[in-house]
Amino acid sequence: MVYLDNNATTPLDPQVIKAMADFMPTHFGNPSSLYPIGRKVKEIINGGRELIASVLGAHRSEIVFTGSGTEADNFAILGVMDALPDKREFITSAIEHPAVLRTGQYLEKKGYKVTYVPVDSQGVVDLDFLSDAITPQTALISVMHANNEIGTIQPIEKIVEIAKKKGVLVHTDAVQTFGKIEVNVDKLGVDLLSISAHKVYGPKGVGALYIRKGTNIYPFVHGGHQERGLRAGTENTIGIVGFAEAVRVLKERWKKDKERVEKLALKLKEGIEAKIPQVKFNGHPENRVKSTLNFAFPGLEAEAILLALATKEIYVSTGSACSEESEEVSHVLLGIGLKPEIARSCLRFSLGRFNSEEDIEIVLRELPEIIAKLRSISAFHPEEA
Ligand code: PLP
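As the structure is a prediction and not an experimental result, all values here were calculated from the model.

It is worth spelling out the site of the ligand at this point. In the region of the ligand, 13 residues are neighbours, and Thr-70, Asp-173, Gln-176, Ser-196 and Lys-199 sit closest. At 2.8 Å from an oxygen atom of the ligand is found a main-chain nitrogen or oxygen belonging to Gly-69. A distance of 2.6 Å separates an oxygen atom of the ligand from a polar side-chain atom of Ser-196. For the ligand, whose unbound accessible area comes to 390 Å², protein coverage reaches 91%. Ranked by residue count, the leading element in the shell around the ligand is helix H3 (residues 69-83), at 3 residues. A class-by-class count of the residues in the shell around the ligand yields 2 nonpolar, 8 polar and 3 charged.

Let's shift gears to the sheet that holds strand E12 (residues 346-350). Spatially, E9-E10-E12 is the arrangement adopted by the 3 strands of the open sheet, whose pairing is antiparallel. The sheet is open, and its two borders are formed by strand E9 (280-282) and E12, each paired with just one other strand. Strand-to-strand twist in this sheet, taken as the mean axis angle between neighbours without regard to direction, amounts to 30°. Judged from the 3 bridges that link them, E9 and strand E10 (residues 292-296) form a sheet pairing that is antiparallel. Within E10, the residue paired with Phe-281 across the bridge is Phe-295. Sitting on the sheet, helix H8 (residues 237-275) is in contact with E9, E10 and E12, with an inclination near 10° to E10.

Take the domain arrangement of the protein chain next. Considered domain by domain, the protein chain is made up of domain 1 (2-7 + 254-379) and domain 2 (14-249). Relative placement of domain 1 and domain 2: their C-alpha centres are 28 Å apart. Facing the 28 residues of domain 1 at the interface are 31 residues of domain 2. Both faces considered, domain 1 and domain 2 share a buried interface measuring about 2,500 Å² in area, 57% of it formed by carbon and sulfur atoms. The tally of links from domain 1 across to domain 2 stands at 0 salt bridges. Put simply, domain 1 and domain 2 have 13 residue pairs in polar contact (both at pLDDT 80 or more) between them. The set of elements that each furnish at least two residues to the side of domain 1 that touches domain 2 consists of H8, E10 and helix H10 (331-335). No other element matches H10, which puts 4 residues into the side of domain 1 that touches domain 2. Class assignment of the residues belonging to the side of domain 1 that touches domain 2 gives a composition of 8 nonpolar, 15 polar and 5 charged.

Another point: the environment of Ala-265. You can see Ala-265 is positioned in helix H8. For Ala-265, a relative accessible area of 1% corresponds to the buried category. The spatial distance from the C-alpha of Ala-265 to the C-alpha of Glu-245 is 26 Å, given a sequence separation of 20 residues. Contacts of Ala-265, omitting those with residues within four sequence positions, involve Lys-290, Ser-291, Leu-293 and Leu-351.

Among the structural elements, Ala-302 can be located in helix H9 (residues 302-311). Remark: the alpha-carbon pair of Ala-302 and Gln-122, spanning 180 residues in sequence, is separated by 20 Å.

Attention now moves to the environment of Ala-76. Looking at the secondary structure, you find Ala-76 in helix H3. Ala-76 sits 194 residues away from Glu-270 along the chain, and the two C-alpha atoms are 39 Å apart. Leaving out residues up to four positions away in the same chain, Ala-76 has contacts with Leu-140, His-171, Leu-192, Leu-209 and Ile-217.

What follows deals with the packing of helix H1 (residues 14-23) against H8. In the contact formed by H1 and H8, the axes pass within 8 Å of each other and the chain directions differ by 145°. The two elements H1 and H8 cross, and the hand of that crossing is right-handed. Every residue of H8 that contacts H1 at Gln-15, Val-16, Ala-19, Met-20 and Phe-23 is listed here: Thr-237, Ile-238, Val-241, Gly-242, Glu-245, Ala-246 and Val-249.

Across the sheet, which stays open at both edges, the 7 strands sit in the order E2-E8-E7-E6-E5-E3-E4 with mixed pairing between neighbours. Edge strands, defined here as strands with exactly one partner in the open sheet, are strand E2 (63-66) and strand E4 (113-117). Each adjacent strand pair in this sheet contributes to an overall mean axis angle of 20°, direction not counted. Sheet topology note: the strand E6 (residues 169-173)/strand E7 (residues 192-196) ladder contains 3 bridges and is parallel.

Right, let's talk about the nonpolar core for a bit. Taken as a class, soluble globular proteins show a tendency for nonpolar side chains to be buried jointly. Among the nonpolar cores identified, the biggest contains 59 residues, and Leu-56, Leu-130, Ile-141, Phe-178, Leu-193, Ile-195 and Phe-243 are the most heavily contacted of them. Looking at this core, you find at least three residues from each of domain 1 (2-7 + 254-379) and domain 2 (14-249). Leave out the neighbours within four places in its chain, and Leu-130 touches Ile-91, Val-117, Ile-141, Val-143, Ile-159 and Ile-162. Judged by nonpolar contacts, the second largest core, of 30 residues, contains Val-2, Leu-264, Ala-265 and Ile-370.

Attention shifts here to unusual backbone geometry. At Tyr-201, a position not held by glycine, the phi torsion is positive, near 70°. Mapped onto the secondary structure, Tyr-201 falls in the loop between E7 and strand E8 (207-211). Residues other than glycine seldom take positive phi values, yet Glu-313 does so here, at roughly 60°. Examined against the element boundaries, Glu-313 turns out to sit in the loop between H9 and strand E11 (314-315).

Applying the stated criterion to the full structure yields 19 salt bridges. Measuring nitrogen to oxygen at the nearest pair gives 2.9 Å for the salt bridge that ties Asp-257 to Arg-253. Of this pair, Asp-257 and Arg-253 both sit in helix H8, 4 residues apart, roughly one helical turn. Here Asp-257 falls in the buried class, since its relative accessible area comes to 10%. Assessed through its relative accessible area of 29%, Arg-253 is described here as partly exposed. When the shortest N-O distance is used, the salt bridge between Glu-366 and Lys-312 registers 3.7 Å. With Glu-366 in helix H12 (residues 357-377) and Lys-312 in the loop between H9 and E11, this pair connects stretches of sequence that are 54 residues apart. Assessed through its relative accessible area of 15%, Glu-366 is described here as buried. Its relative accessible area of 43% is what places Lys-312 among the partly exposed residues.

Parameters and conventions
- Residues numbered from 1 in each chain as written.
- Predicted model: local features only at pLDDT ≥ 70, side-chain atom pairs only at ≥ 80, totals over all residues.
- Heavy atoms only, no water.
- Near = heavy atom within 4 Å.
- Polar contact = N/O pair within 3.5 Å; in protein donor to acceptor, adjacent residues only side chain to side chain.
- Areas by Shrake-Rupley, 256 points an atom, 1.4 Å probe, with all protein chains shown as cover.
- Helix = DSSP H or I, 4+ residues; strand = E, 2+ residues; numbered from the N terminus.
- Nonpolar A, V, L, I, M, F, W, Y, C, P; charged D, E, K, R; others polar.
- Pairing = 2+ DSSP bridges.
- Axes fitted to C-alpha atoms, helices over the stretch in contact; angles between N-to-C directions.
- Contact = heavy atoms within 4.5 Å.
- Domains from an automatic or database assignment.
- Buried area = accessible area lost by both parts, 1.4 Å probe.
- Salt bridge = Lys/Arg side-chain N within 4 Å of Asp/Glu carboxyl O.
- Buried < 20%, exposed > 50% of the residue type's maximum accessible area, 1.4 Å probe, protein only.
- Left-handed = near helix turned anticlockwise from the far one by under 90°.
- Core = buried A, V, L, I, M, F, W, Y, C linked by side-chain atoms within 4.5 Å.

Shown next as structure tokens:
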């Protein structure tokens, strides 16, 4: 199997599996219980919190565990909007993950004004547009650190600079950058930041929200006093242990992984460009998460390519896993100005820690053949591309 869909999810790191397996049989106590087996679990969770905080450059009291990256995004946005009831405006970008976009749509239904800032052809948000959209009514700006489909990295520091001058809070969805490039809350200057375990070789169903000390935010799940009363519910202890172990592994090896994975991605990019005529690369040429490659194969439906690759046990994606099951054309690809028929021809290759040179060689052997075959049976005219 050649797995090139690491932006959708990553395999569990063996060390993560071991940490969870070692934890499960003995540490079943409820972290809220006052006797030793409960207290021990609480201690372990807080150790994980401390570790994740340290990697982000945060304090452990600023980390709240959530049920996913999606929940962290929802919590950041709805929690801030609820805490600032006099401010009725929210700003985000046009190419966010559905976790943010649909939360924006929900706010619109509740009567808020939501502005979706457009991006240029490389996927970078229009800073002038963003700046002009801010009013005294604006509570929060949420712009993703890097896009999940094309990898473009946003100028978060600049957004923060603009926002701070006008007293507006900033959230960033760092689900696709955490573990791939440096993510430091002080360097970015953000007030809130979302991450997710299953994108960094940890388990699915656990994420975290960084909330800068002093940020005005309303609780997201109401109930017990867990997570300082901000996100009630007995903690996903096994998931948190796995998340923390994944981050421990990241801390040791992310720089080495980054170098190796980026080299493999470059080899794949150059190979595709050299071997397949009429491909178009999507995203920023430089300022992007380099393990993400998005290509248009004009004249073809991406789904046909995806399925043909799957018969060879090569797994890629047509966009974000969340929109894959719907017929919708990717809002990200439309957002960077692609025509719908070109957007429908785009495939994402996302590499990760467990990819090898051999994986890339297999793809570079199989993909050109598949494209040539599919084009020969479609009505593809290169001059229309
Ligand atoms: N934000 C981005 C940019 C993502 O890529 C994803 C997952 O694809 C999410 C949020 C959602 O994270 P989770 O799958 O943990 O809900």
